[in-house]
Structures are given as structure tokens and as C-alpha cells.
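Architecture at a glance
Listed below, chain by chain, are the residues.
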Amino acid sequence: MSEPRIRKLDEDVVNKIAAGEVIQRPANAIKEMLENSLDASSSFIQVSVKAGGLKLIQIQDNGCGIQKDDMPLLCERFTTSKLEKFEDLSNMLTYGFRGEALASITHVAHVLVTTRTADSKCAYKAAYRDGKIVAANPGQAAEARPCAGNHGTLISVEDLFYNMPSRKKALKSPSEEYSRIADVMNKYAIHNAGVAVTLKKHGEAMADLKTTPAATVIDNISTVYGPSVARELLFLSCEDAKLGFKMSGYISNANYSVKKLNFILFINHRLVDSANIRKSLESVYTNYLPKNSHPFIYMSIEITPSSVDVNVHPTKHEVFFLHEDLIIEALQKCLEDKLLGCNSSRTYYTQALLPTHITSASSDIVNSNKKSTVSGDKSQYAYQMVRTDCREMKLDAFLRPSSLEPTQRKSVSDDPANQNSPTEMDTSGCTPAENEGLSAKRPREVDKLQGHASVDHVNMKKRRRHKPVHLTSILYLQQRIKDHQHTELIELFRNYKFVGCVDQTRALVQYSTKLYLIDVSRVSKELFYQLLIYDFANFGILKLSTGAPITDLSLMILNNPESGWTEDDGSKETLAKYIEEFLTSKAEMLKDYYSLEINEAGEMLSLPLLLDSYTPNLDNLPRLLLKLATEVITILVSCCLVSYHVNQQSSTCVA
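1. A closer look at the overall build of the chain
Assigned secondary structure in the chain consists of 20 helices and 22 strands. Sorting the 655 residues of the chain into buried and exposed places 36% on the buried side. Only carbon and sulfur atoms are counted for the fraction: they give 53% of the accessible area of the chain, which is about 40200 Å².

If you want it as C-alpha cells, here you go:
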């Protein structure tokens, strides 16, 4: 067996090891990015989290932003704007200084940065992976691209620890990770009283944490921990020029105690944990609080930067400072003097017994309970008794009615004003001329078909198996769509932002830095055409509540001038009967290709479902039948014959 040799690790391995030390869980990533936002002089910071930060972390601020020329270096290791030489560590006043936070995050997640400075005309967006800037989408250059955005920076972190499955499995549940994130955000919100901090779960409108720029430290403590804590707080401060430190904070008095210690410590505005300070301060409270009870302590200590070593922990969770024992002793004495001064009075909360009036009925119950106890029967508790007083509050008062009573439901359905017939459905899918042709000028026979042309939404379903299509004409049309696809339009419809409707047929959307006016009718027509081609013979089924007679529907369209009927074409009744017989003869093909079912009685039972949860305008059903009988089937039969001959010739060539 050969002896092990010393070798130099690859840079990628080194970076991932370093990233695992700096970013231990989602809360660490948010802490690092939150400190960057505070260093950028932000007055507003919003954090959005999905799945405990493992799926998505978004942090947005209104700080100074990042220059476009600095974006290629943004996520490289040891690149920073806060440090130039080693001696600068002795006067470090910012949160970050090593330039490892964003670099470490890019090695374990997908990062997207959108930023805009005060003097920039637009924002710039860039994607990062493994510490380097990469293309946001295939085919694009690996550079910062201009886009729309507010002043400040927006950082999106997706799929945290996607390449570290062991680390991902070792983490707690998403709810536990979110609790750790909320704990970090709460502490920074309390300390930074002049900054508006918001924390919420992605997709939810209600924020779990929201502070305002005008709020004080007491206001933020009340927001986070409740008013019961805020009203029991005492302001604490001390200063020692000889030791070079200054302290201020809020502590709970002797009237307040909880089962778990709430200890918030900032040293030079950096959230840290010091076991020595924590134990020494809590030991002072042992003389004032009951056993196994703990206080609330928020303390901000400012020490001369040259006396603090902040570079002792990968996550900067701990710091070392000179004269630690003397400073802790001064803090203990200040705390004890404050508690002694407020210990002259203690507050106790009591509740008076409510007055009761024993009635004869209640006395009978008491007597009966005593008799049953004497006889050996079990006593009857209050929750086992039947409520007989109608004036007492019931649980039904707190519940919203889920549905109408049967009698109310019947009255609503019987009211003609509340009935929605197919003729009253939304006709936004048609042009005004089409709606006028089928609504304003149609005969009275439409009212007779209201019960037929209504959709049973319960029976909307998709086919489970996808049936392959071998028709040459369909394959040709599919290939033609692929050959003529527009890459930029695909990207636009994938990432656009809806602005609003201009009128009934046009809408305004934004993509990148431009606004686009969309013709909704033409776009919808192209969408349904492509769905028709790609899902051919695999449509879902849209069941009708009852069969719709083809003859009656054909007469409706023939009575409309839009059909182009003339007397030379023959009588309308004869043509309507021909359409019914013709479509019935092609029922098997229509059902197979279009999911359009017709029974032997000449009734239409179903329609093709092109788009899930979309109900077509049934006013156009007569027009559909006319098009099927005169154009669609004829073209489809011709395409089938062409496909058959092409396949026969191909088989002959192969033979």
C-alpha cells in the first residue's frame, strides 16, 4: 500500500468547503445579505422566504446600489469595498469586510442580482454561479443586462444547498428554519430602529415582521415580543473612557420573567453571542426572579475598534475584545444598581371572582350531583350538560356559513334574475361584430336551447395517456411552428410583467426596459392554434350537461346573415338535416381526433378542452358546427389521404 501524498486541492473544492463554513443554514445567508444592505445605508429592507429559505430567498433594499463596472467582481472571493489593507481591520466600522458572503452563497445556490445606483438611468441584472457572472438564459452573454428596477439592490437566492445533499438533509424542517430566520430579523429590526424591516413568506400578503423608520427601539420590541414585555423595560446605560467602551440598552425589571432567556447582544452594531456576558448578567437576576425564570436583555456595546478582533469566527458570530473581565464587571455593577433602584415596589396581577347567582334550577343540579356522588355514580361535568339558555354564546356565531340552506338555495335557483344562461356568458373571446351577429340578431329559438348548451364543469377531464400522432400533415405543421418560432417573443412571453388593459382588445406589458402593446385577440388566436396542432387527437373532454341537437343549432346559424345562405342553396331545414347526418356519419373520426362526441340521435355531447379551466363561449357553437361540416372535415380527410399516400410511397422505397 502506497503512502498518502500531500496534494493541493482544486479551487472548486476549496470554495465549496469555505462556503459550507460561512453559510451553514438559510439564516446565515440572510444575516450576511442583511448586513450588506445595512452597510449600503438602506432605510428600507424587505425579505421574502420560501420553504424556510431552501427554495427561495429574496432581499430588497433601497441602498446606494452597485456600479455596473463592479458587477463582474461582485461575487468573487475576497472582493470588497470596505477593506484595502490588513491594518484597516483595527478600525473596522462596517458589518462585512472579507468579501466572502456572496461568493460563498453562489457556490451553494443560484444567485440573481438586480441593482441600480442613484445616478443610473436604469437597473442592471446579472446571474452568478460558483463566484462568477454567468448568462441568465441560454444564448445570452455572461454580462450585466439593463432592466427596469428601483434604486437599491434586489438579491434572489434559489435552491440553497442544491449541490450539497448531505447538508440539506441535516437541516431542520422548513418551519424550524423559518423560525431561525425570523429570530435573526427580529434582533436586527430592534437594533436598527431607523430602518424599516419587513419579513414575510413568499406568496403571502401578510408580513410576519414589519417595522417603520419612525419607530423607536421600544416600539420595535413591542412589535416583536409584545406590549407585555415593552411596558416592563428599563433603560440602561454606562460608559467608561478608561476601558474604552459605552453601553446602552433595555432590560426587564423584577416584575417580568419568562421560562426562556431573551438575550440580544450587539458589539459595535454586530449581532454576536458571548457566553461570558450572558451568564454574568443572568446571575444578577437570580436574586430578583423566581427559580427557573429568566429576564429580557437587549444590550448594545460600543468598544474602540482597535480593541476588538472581529475576524475570529467564519460567520462572525463571536468577537474577542480587550479587558473583557473588567468590562463584564462594569456591566454587572450597572445592572445591579438599576435593579436595586426599581425594587422598592413590585406589581402583581390578580383577577377578581365574578359574582354568581344560584337559581333554583342550578341548586337542583347541585343537589342532584351530590346525590349521585353519594350513591356512587360519576359526577356530571359542565361540558357534559346540554345548553338550555338561548342567550348564551354558541360556537356558530364565530363560523361563517359555508353554503346556503336547501330552502334558500332553491329560492335562489328559481329566481329568473339569478340564472346565467349560455346566451349571457362572457363574450370577450369574440369581436363586437361576431357578438352582434349571434346575440342581437339571432332568432328566438336560442332561448329553447339554454338547457342544452351549458357546460358541466365537473366533467372537465384530460386523457391520461398521450396517443402518438403519425399524420404527415400534422407533423408538418408542428415542424413548421418550430422552424418559424421567434426566440425573443418566446422570452418576452416567459418573463413579461403585466401592466394593465388599454381597451377590450389590447393590453400593456413590460419586458426588460421596454413596454409592449399586445393584441390579445391575435395572441389568443395563435395560442389556441398551437394548442390545436400539438395536442391533436389528445384533447381533454368538455362534457355538456345535456345533448345539444345539431339540427336546431344549424338552423340558428343558417338564419343568421353571417352564414351566407341563399335560396339557391335549398331550404334551411334540408341543409340543417344534411349537416346533422353528415356530422353523425363522421362521429367516430370527430371523437377520435377532436374529442367531439355525437350520439346516434344527432346530439352533441362533448367539446374539446384545449386549455384547462377555460370554458369557451357557447354562443359560437352554431358557427362551429357549420365550419365543421363545410371546411374542417373536408380538409382533414384530404390530409389523411395525403398522409396515407406518403406513407405508402415511403414503404415502397424502403422495400
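2. Focus on the nonpolar core
In this structure, Ile105, Tyr128, Val157, Met185 and Leu199 are the most contacted members of the largest nonpolar core, which totals 59 residues. With eight residues, the single largest contributor to this core is helix H5 (residues 174-191). Counting 33 residues, the second largest nonpolar core, distinct from the first, contains Leu558, Ala587, Tyr594 and Met604.

3. With respect to the sheet that holds strand S10 (residues 233-240)
Reading across the sheet, the five strands line up as S10-S11-S14-S12-S13 and stay open at both edges, with mixed pairing between neighbours. For this open sheet the edge positions go to S10 and strand S13 (270-271), each flanked by a neighbour on one side alone. Both strand S11 (residues 245-252) and strand S14 (residues 296-303) contribute to a ladder of seven bridges, which runs antiparallel. Its bridge partner being in S14, Ser248 is matched across the sheet by Ser300. Most of the contacts of H5 go to strand S12 (residues 262-267), to which it runs at about 60°, and overall it touches S12, S13 and S14.

4. Brief notes about helix H18 (residues 572-585)
Every α-helix winds through 3.6 residues per turn, so residues three or four apart in the chain are directed the same way. Taking 1.5 Å of rise per residue, the 14 residues of H18 would be expected to cover 20 Å, and the 20 Å separating its terminal C-alpha atoms lies within 8% of that figure. Those residues of H18 that fall on the buried side of the exposure criterion are Ala576, Ile579, Glu580, Phe582 and Leu583.

5. Comments concerning unusual backbone geometry
In terms of backbone geometry, most residues other than glycine have negative phi values and most peptide bonds are trans. For Asn268, which is not glycine, the phi torsion reads 55° and is therefore positive. Considering the arrangement of structural elements, one finds Asn268 in the loop between S12 and S13. Taking relative accessible area as the criterion, Asn268 reaches 18% and is therefore assigned buried. The backbone of Ser595 sits at a positive phi, close to 55°, despite the residue not being glycine.

6. Some thoughts on the pattern of salt bridges
One pass over the structure, following the stated rule, counts twelve salt bridges. With its nearest N and O atoms 3.9 Å apart, the salt bridge here joins Glu176 to Arg180. Of this pair, Glu176 and Arg180 both sit in helix H5, four residues apart, roughly one helical turn. On the basis of relative accessibility, which here comes to 33%, the residue Arg180 falls in the partly exposed class. As a salt-bridge pair, Arg623 and Glu562 come within 2.8 Å of each other at their nearest N and O atoms. Placement of the pair is Arg623 in helix H20 (residues 621-654) and Glu562 in the loop between helix H17 (550-558) and H18, with a sequence separation of 61 residues. According to the relative accessible area criterion, Arg623 is buried, its value standing at 13%. Judged by its relative accessible area of 41%, Glu562 is partly exposed.

Reading guide: rules and limits
Residues numbered from 1 in each chain as written. Predicted model: local features only at pLDDT ≥ 70, side-chain atom pairs only at ≥ 80, totals over all residues. Heavy atoms only, no water. Helix = DSSP H or I, 4+ residues; strand = E, 2+ residues; numbered from the N terminus. Buried < 20%, exposed > 50% of the residue type's maximum accessible area, 1.4 Å probe, protein only. Areas by Shrake-Rupley, 256 points an atom, 1.4 Å probe, with all protein chains shown as cover. Core = buried A, V, L, I, M, F, W, Y, C linked by side-chain atoms within 4.5 Å. Pairing = 2+ DSSP bridges. Contact = heavy atoms within 4.5 Å. Axes fitted to C-alpha atoms, helices over the stretch in contact; angles between N-to-C directions. Expected span 1.5 Å × (residues − 1). Salt bridge = Lys/Arg side-chain N within 4 Å of Asp/Glu carboxyl O.

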